[in-house]
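If you want the building blocks of each chain, they are given just below.
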Amino acid sequence: MNDVTEPVSASLAERAKLSLGKRNLIFIGLMGAGKSAIGRLTAQTLGIPFVDSDHEIERVSRMTISELFAAYGEEEFRALEARVLKRLLRSGPRVVSTGGGAYINERSRRHIKKGGLTIWLKADLDVLWERVNKRDTRPLLKTENPKQTLENLMRARYPIYAEADLIVLSRDVKKERMVEEVLAAIADCQKAETP
Ligand SMILES: Nc1ncnc2c1ncn2[C@@H]1O[C@H](COP(=O)(O)OP(=O)(O)OP(=O)(O)O)[C@@H](O)[C@H]1O
Ligand SMILES: O=C(O)C1=C[C@@H](O)[C@@H](O)[C@H](O)C1
Ligand SMILES: [Mg+2]
């Protein structure tokens, strides 16, 4: 593997930007897949705005995700998440990183599919677990056996994430390398932009 971090090629970024057009690029996938980290870097590379739906939810509610789950429960959280996503996806192009459960909720999934090009960062259990077990900010993983919970979520959710327009394998390589693969997937994408 090449250890030197090469800047993402400008021509690849240009091709991806052209292919994306006015559409939003929406990252989906499980907790720890890298939606926020890779989404932000992808937006920087494309020179378009970035927004993270979890952060936007926390901003408008002035509560953390954990506090929202504790105070109102998951159902209310999903309703708020769907409203926030609908608003964020109204115009493009921007990069929108979603929370791990957003695409699983029917209403949010409808907004996301309509809102642009979807990209699933797919990762295996060990990669996800290595990343999420360092922090306890994810309410769904506050269980007796969080690794087992994560595996159960993979089993339930992966068939739904698989509906994404694009899929990139998330693993422990440099973030710039992940961005390059994301851009290549967009540049090669044949899905036409709908008016
Ligand atoms: N390619 C990578 N190599 C190493 N670490 C990474 C990589 N991508 C992301 N990470 C790290 O993994 C952790 C989780 O990433 P991130 O917060 O972006 O996940 P997420 O998909 O947004 O999760 P959530 O659904 O909980 O918001 C972060 O600390 C991030 O820096
Ligand atoms: O996978 C999920 O359902 C979640 C993921 C996080 O991004 C947050 O949106 C919240 O913790 C729920
Ligand atoms: Mg995130």
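Residues numbered from 1 in each chain as written. Chains lettered and ligands numbered in written order. Predicted model: local features only at pLDDT ≥ 70, side-chain atom pairs only at ≥ 80, totals over all residues. Heavy atoms only, no water.

- Looking at an unreviewed UniProt entry, the protein carries the name Shikimate kinase, with the source organism given as Sinorhizobium kostiense.
- Per UniProt, the protein carries the Catalytic activity (unreviewed entry) text "shikimate + ATP = 3-phosphoshikimate + ADP + H(+)".
- As recorded by UniProt, the Subcellular location (unreviewed entry) comment attached to the protein reads in full: "Cytoplasm". (UniProt positions renumbered as here; feature names shortened; annotations may be inferred.)

## Here's the deal with the UniProt feature "binding site: substrate" (unreviewed entry) in the protein
Alright, step 1. The UniProt entry lists Asp54, Arg78, Gly100 and Arg157 under the feature "binding site: substrate" (unreviewed entry), expressed in the numbering used here.
Alright, step 2. Inspection of the secondary structure assignment puts aspartate 54 in helix α3 (residues 53–61).
Alright, step 3. Residue classification places aspartate 54 among the partly exposed residues on the basis of a relative accessible area of 24%.
Alright, step 4. The residues contacting aspartate 54, other than those within four sequence positions of it, are Ile65, Phe77, Glu81 and Gly99.
Alright, step 5. If you trace the backbone, arginine 157 turns up in helix α7 (residues 146–161).
Alright, step 6. Apart from residues lying up to four places away in sequence, arginine 157 is in contact with Leu30, Arg78, Gly100, Gly101, Ile104 and Leu140. (Helix = DSSP H or I, 4+ residues; strand = E, 2+ residues; numbered from the N terminus. Buried < 20%, exposed > 50% of the residue type's maximum accessible area, 1.4 Å probe, protein only. Contact = heavy atoms within 4.5 Å.)

## As for the packing of aromatic side chains
Alright, step 1. Under the definition given, this model contains four aromatic pairs.
Alright, step 2. When the ring of phenylalanine 69 is compared with that of phenylalanine 77, the centres are 4.8 Å apart and the planes differ by 40 degrees; the resulting orientation is tilted.
Alright, step 3. For phenylalanine 69, a relative accessible area of 14% corresponds to the buried category.
Alright, step 4. Under the relative-accessibility criterion, phenylalanine 77 is labelled buried at 4%.
Alright, step 5. Ring geometry for tryptophan 120 against tyrosine 158: centres 4.9 Å apart, planes inclined by 80 degrees, an arrangement best described as edge-to-face. Taken as a pair, tryptophan 120 in strand β4 (residues 116–122) and tyrosine 158 in helix α7 lie far apart in primary sequence, 38 residues in all.
Alright, step 6. Judged by relative accessible area, which is 2%, tryptophan 120 ranks as buried.
Alright, step 7. Overall, tyrosine 158 belongs to the buried group, its relative accessible area being 13%. (Phe/Tyr/Trp six-rings, centres within 6.5 Å; stacked < 30°, edge-to-face > 60°.)

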